[in-house]
Amino acid sequence: MNIKDFKIKNHSITIFRRIFQIIAFFIINYLILEIIFAINLIGLEGLLKVLPILNSARNPLSNSTGIIEIIFYSFTAGIIPIFLIGVFIIIILFTNRFFCGWICPIGTIQDACAAVPTKKRTVKISGGILNHKSLLKIKYIIVVFILLLVVPLAIIATINWPFYIEYRANLGDFGDNPLSYFSLSEFIFVFFPDLIRQIIETRSIAPIFSNLIVFIISIFYIALLVLSVWYPRLYCRYICPFAAVSSVVSEYSFLKLSRSPVKCVGRAECGICEKVCPKQIRILDEPFEFFTGKGECNLCLKCKEACPYKAIDIKIG
Ligand code: SF4
Ligand code: SF4
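Residues numbered from 1 in each chain as written. Chains lettered and ligands numbered in written order. Predicted model: local features only at pLDDT ≥ 70, side-chain atom pairs only at ≥ 80, totals over all residues.

J.: Even after reading the chapter, I still don't get the overall build of the chain, so can you show me in this structure?
T.: Looking only at helices and strands, one finds 16 helices and two strands in the chain. Restricting to contacts in the chain with at least 6 residues of sequence separation, those with at least 24 account for 70%. (Helix = DSSP H or I, 4+ residues; strand = E, 2+ residues; numbered from the N terminus. Contact = placed C-beta atoms within 7 Å.)

J.: Any chance you could explain the site of ligand 1 here in plain terms?
T.: Residues in contact with ligand 1 amount to 13 residues; listed here are only the nearest, Cys 264, Cys 270, Cys 273, Cys 307 and Ala 311. Across the shell around ligand 1, the residue classes break down as 10 nonpolar, two polar and one charged. (Near = placed C-beta within 6 Å. Nonpolar A, V, L, I, M, F, W, Y, C, P; charged D, E, K, R; others polar.)

J.: Whenever I open this one, unusual backbone geometry confuses me. Can you help?
T.: The backbone phi angle of Asn 96 is positive, close to 50°, even though this residue is not glycine. Unlike most non-glycine residues, Leu 301 shows phi in positive territory, near 70°. Considering the arrangement of structural elements, one finds Leu 301 in the loop between α15 (272-276) and α16 (302-306).

J.: Before we go on, may I ask you to explain the packing of helix α4 (residues 67-76) against helix α8 (residues 132-159) in this structure?
T.: To describe two helices that pack against each other, one gives the angle between their axes and the distance between the axes. Where α4 contacts α8, the axes come no closer than 6 Å and their chain directions differ by 50°. By the criterion of interaxial angle, the relationship of α4 to α8 is oblique. Residues Phe 72, Phe 75 and Thr 76 of α4 form the contact with α8, whose own contacting residues are Ile 146, Val 150, Val 151, Leu 153 and Ala 154. Residues of the contact of α4 with α8, tallied by class, amount to seven nonpolar, one polar and no charged. (Axes fitted to C-alpha atoms, helices over the stretch in contact; angles between N-to-C directions. Parallel < 35°, antiparallel > 145°, perpendicular 65-115°, else oblique.)

J.: I tried to follow the site of ligand 2 on my own but got confused; where do I start?
T.: Around ligand 2 sit 13 residues in total, of which Cys 277, Cys 297, Cys 300, Lys 302 and Cys 303 are the nearest. By residue class, the composition of the shell around ligand 2 is nine nonpolar, two polar and two charged.

J.: So what exactly am I meant to see when it comes to the nonpolar core here?
T.: Generally speaking, nonpolar side chains in soluble globular proteins are found buried as a group. By size, the foremost hydrophobic cluster in this structure holds 35 residues, and its most contacted members are Ile 68, Ile 71, Phe 72, Tyr 235, Cys 240 and Ala 243. Those elements that provide at least two residues to this core are α4, α5 (82-95), α6 (98-103), α8, α11 (184-202), α13 (234-238) and α14 (241-250). The dominant element in this core, judged by the number of residues it contributes, is α4, at seven residues. Not counting residues up to four positions away in its chain, the partners in contact with Ile 71 are Pro 81, Leu 84, Ile 85 and Phe 88. Val 276, Ile 281, Ile 283 and Ile 312 belong to the second largest nonpolar core, which has 18 residues in total. (Core = buried A, V, L, I, M, F, W, Y, C linked by C-beta atoms within 7 Å. Buried ≥ 20, exposed ≤ 12 C-beta atoms within 10 Å, placed from the backbone.)

J.: Got a minute to help me understand α5 in this structure?
T.: One turn of an α-helix holds 3.6 residues; hence residues three or four places apart share an orientation. Between its first and last C-alpha atoms α5 spans 20 Å; for 14 residues at 1.5 Å apiece the expected length is 20 Å, and the two agree. A positive phi of about 50° marks Asn 96, the residue just after α5. (Expected span 1.5 Å × (residues − 1).)

J.: Got a minute to help me understand helix α9 (residues 161-170) in this structure?
T.: Summarising burial for α9: one of the 10 residues are buried, a small minority. Of the residues trailing α9, Gly 172 is marked for its positive phi of about 60°.

J.: Whenever I open this one, the environment of Pro 241 confuses me. Can you help?
T.: Position of Pro 241 among the secondary structure elements: in helix α14. Given 21 C-beta atoms within 10 Å, Pro 241 falls into the buried group. Spatially, the C-alpha atoms of Pro 241 and Lys 139 are 5.9 Å apart, while their sequence positions differ by 102 residues. In this structure, Pro 241 is in contact with Ile 68, Lys 139, Ile 142, Val 143, Leu 179 and Phe 182, ignoring residues within four places of it in sequence.

J.: Explain the packing of α5 against α14 to me, please; I cannot follow it from the model alone.
T.: At a closest axis distance of 9 Å, the pairing of α5 and α14 adopts a crossing angle of 60°. In terms of orientation, α5 lies oblique with respect to α14. Classified by chirality, the crossing of α14 by α5 is right-handed. Where α5 abuts α14, its residues Ile 89, Ile 92 and Leu 93 lie against Ser 246, Val 249 and Ser 250. Taken together, the residues of the contact of α5 with α14 sort by class into four nonpolar, two polar and no charged. (Left-handed = near helix turned anticlockwise from the far one by under 90°.)

Structural data, given as structure tokens:
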């Protein structure tokens, strides 16, 4: 098969996923609907509060973010969040990273960037310092770094409260919201709207430069979103703390993909699945029985949709 001539004929999975993502986007960010349609959806608040993964946008703990942010925040609050960690592990065991591919609003925003019709590019797999394999490690380094800061807080809180107060105060922003600088959702749904409000209220652009660190990180995230037009899901691949933590559990999930050794004709003959994968997963280097791309697969099913030989299937169990 000539890959250059190849065109995906059936887009039904992608169309269904797009609709699902848009609906999920507005459910999670239902405050946007209130603004657009001038309605009050406070009745949804109770539902969202009891589902930790859909944390209420009005909950002061959430800052419009999700379960991982609350787990990390719990550590800084002096609590070891065993229940939430258990909920998180069970969700990933049963649904793998379906959330990333089908629900996460930040994933949806990146997919919208990638929907701009440009020739998609790939980060070189190895060689040099900045390659796909080395960049993948960034998100794990971020998570380990934050865990090293916040887990001792939860332990210290149980044995020496005055020291805990002092330690937490010394952590500054990390003590109040440990993932804030690494959370693109924090920037898109909390920081940017707040900044725009300040600019409108003060009628000046001075608020943009009031915090140099936040300004630099904002530029970084804007650049990341722009680059996502050519390199899909850049934030998910290399920065996202949720991706880092969930990829560790993903290998053990009951929901995965498999590739038929009978139907698949391999990279030399085809390799289309790898070309369309937004996470740049080397699908053909993975075992036939099941693959998760070492936890990177977000179950977007683009590879399944594109495979001309119908060699990729969903595997349960
Ligand atoms: S899984 Fe499908 S798309 Fe990928 S190489 Fe095999 S036949 Fe081609
Ligand atoms: S391996 Fe397939 S399902 Fe997983 S991210 Fe890549 S294209 Fe999507």
